[in-house]
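Reading the structure
The residues making up each chain are set out below.
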Amino acid sequence: FESIPKELEAGKCCALQDSRGRFVGHGIVNPASKILWRRYSQSKEEPELDARAIESRIRQAVAKRSGDSFCRLVWSDADHLPGLIVDRFGEILVLQSVTVGIDLRLEMIADILQRLIQPREIIFRCDTPVRVHEGLELKVSTHSGRRLEPDWYCIDGFEYFLYLDIGQKTGF
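Presented here is an overview of the structure given in this document. Keep in mind that this is a model prediction, so the values were computed, not measured. (Residues numbered from 1 in each chain as written. Predicted model: local features only at pLDDT ≥ 70, side-chain atom pairs only at ≥ 80, totals over all residues. Heavy atoms only, no water.)

For the protein, the helix and strand inventory stands at four helices and ten strands. In sequence order, the protein lays out its α and β elements as β-β-β-α-β-β-β-α-α-β-α-β-β-β. Here the protein has a C-alpha radius of gyration of 17 Å; the compact-globule value for 172 residues is 16 Å, and the two agree. The C-alpha extent of the protein, read off along each of the three principal axes, is 55 × 30 × 25 Å. Across the 172 residues of the protein, 46% fall into the buried class. (Helix = DSSP H or I, 4+ residues; strand = E, 2+ residues; numbered from the N terminus. Rg over C-alpha atoms; globule rule 2.2 N^0.38 Å. Buried < 20%, exposed > 50% of the residue type's maximum accessible area, 1.4 Å probe, protein only.)

Here is the structure:
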């Protein structure tokens, strides 16, 4: 990057141009991160990652992976939501945020997921060490504010006793 406008705040959306002035895309900026800019769109017509855009991307991601009760519903950059991972464990969703841009939109994302999927609970697994490089704190919580007890899950014919709030990554 040749220059970074001082008014850019972490988590804000901005367009990026290459050194010749050609449009590269819209992304979320974080001056504190080693990855300064994360693209969410190549379209010039979509400047904001607002509730409408997020819901549209989540709907598309869920449609691609519907029919499976245990799967990765949202897969970060692959679904044009950089830093957001959502895994489905039956009636439970485990959400991982690894960027400041997603962190600032967590409640909006949880509300969208609640409305579209109607899970029994959403666990926020925001405890991966990469968050430190984004200037974010490590934390684990639930959408309801209640602790989720470990439980048995039958996945592909195998029984697993999972602690979804403390397991490796988003479950295992």
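The rest of the description comes next.
Evaluated as defined, the whole model comprises twelve salt bridges. Asp18 is the partner of Arg22 in a salt bridge, and the nearest nitrogen-oxygen pair spans 2.7 Å. For Asp18, a relative accessible area of 26% corresponds to the partly exposed category. Look at the salt bridges and you will find they share partners, linking Glu55, Arg59 and Arg115 into a network. (Salt bridge = Lys/Arg side-chain N within 4 Å of Asp/Glu carboxyl O.)

The next thing to look at is helix α1 (residues 51-64). Because each turn of an α-helix spans 3.6 residues, side chains separated by three or four positions end up pointing in the same direction. The terminal C-alpha atoms of α1 lie 20 Å apart, and with 14 residues this matches the ideal 20 Å at 1.5 Å per residue to within 8%. Of all the positions in α1, only Ala53, Ile54, Glu55, Arg57, Ile58, Ala61 and Val62 are classed as buried. Buried positions along α1 lie against β3 (37-41), β4 (70-75) and α3 (106-117). (Expected span 1.5 Å × (residues − 1). Contact = heavy atoms within 4.5 Å.)

A separate point is the packing of aromatic side chains. Aromatic ring pairs: the centre-centre distance and the angle between the two ring planes describe each pair. Applying the stated criterion across every chain, the model contains five aromatic pairs. When the centroid spacing of 5.6 Å and the interplanar angle of 90° are considered together, the rings of Phe161 and Tyr163 count as edge-to-face. With a relative accessible area of 39%, Phe161 lands in the partly exposed category. With a relative accessible area of 37%, Tyr163 lands in the partly exposed category. The ring centre of Trp75 lies 5.5 Å from the NZ or CZ of Arg72, which sits over that ring. (Phe/Tyr/Trp six-rings, centres within 6.5 Å; stacked < 30°, edge-to-face > 60°. Lys NZ or Arg CZ within 6 Å of the ring centre and 35° of its normal.)

This brings us to unusual backbone geometry. Located in the positive-phi region is His80, a residue other than glycine, with phi close to 60°. Structurally, His80 can be placed in the loop between β4 and β5 (84-89). In this structure, Asp156 takes a positive phi of about 55° despite not being glycine. Its location among the elements puts Asp156 in the loop between β9 (151-155) and β10 (158-162).

Further remarks concern the sheet that holds strand β2 (residues 23-29). Sheet strands line up and pair through hydrogen bonds in the backbone, either parallel or antiparallel. Taken together, three strands build an open sheet; the order of strands is β1-β2-β3 and the sheet is antiparallel. Each edge of the sheet is formed by a strand with only one pairing partner; in this case those strands are β1 (13-17) and β3. If you compare each strand with its neighbour and ignore which way they point, the axes differ by 50° on average. As judged from the four bridges shared by β2 and β3, these two strands associate in the antiparallel manner. In the strand pairing of β3, Val29 is matched with Trp37. (Pairing = 2+ DSSP bridges. Axes fitted to C-alpha atoms, helices over the stretch in contact; angles between N-to-C directions.)

Moving on, we get to α3. An ideal rise of 1.5 Å per residue puts 16 Å on twelve residues; α3 measures up with 16 Å between its terminal C-alpha atoms. Listed in full, the buried residues belonging to α3 are Leu106, Ile109, Ala110, Ile112, Leu113 and Ile117. Within α3, the buried residues cover an arc of 160° as seen down the axis, which keeps them to one side. If you follow the buried residues of α3, they end up packed against α1, β4, β5, β6 (92-97), α2 (100-103) and β7 (121-126). (Arc of directions from axis to C-beta.)

These results come straight from atomic positions and should not be treated as a statement about function.
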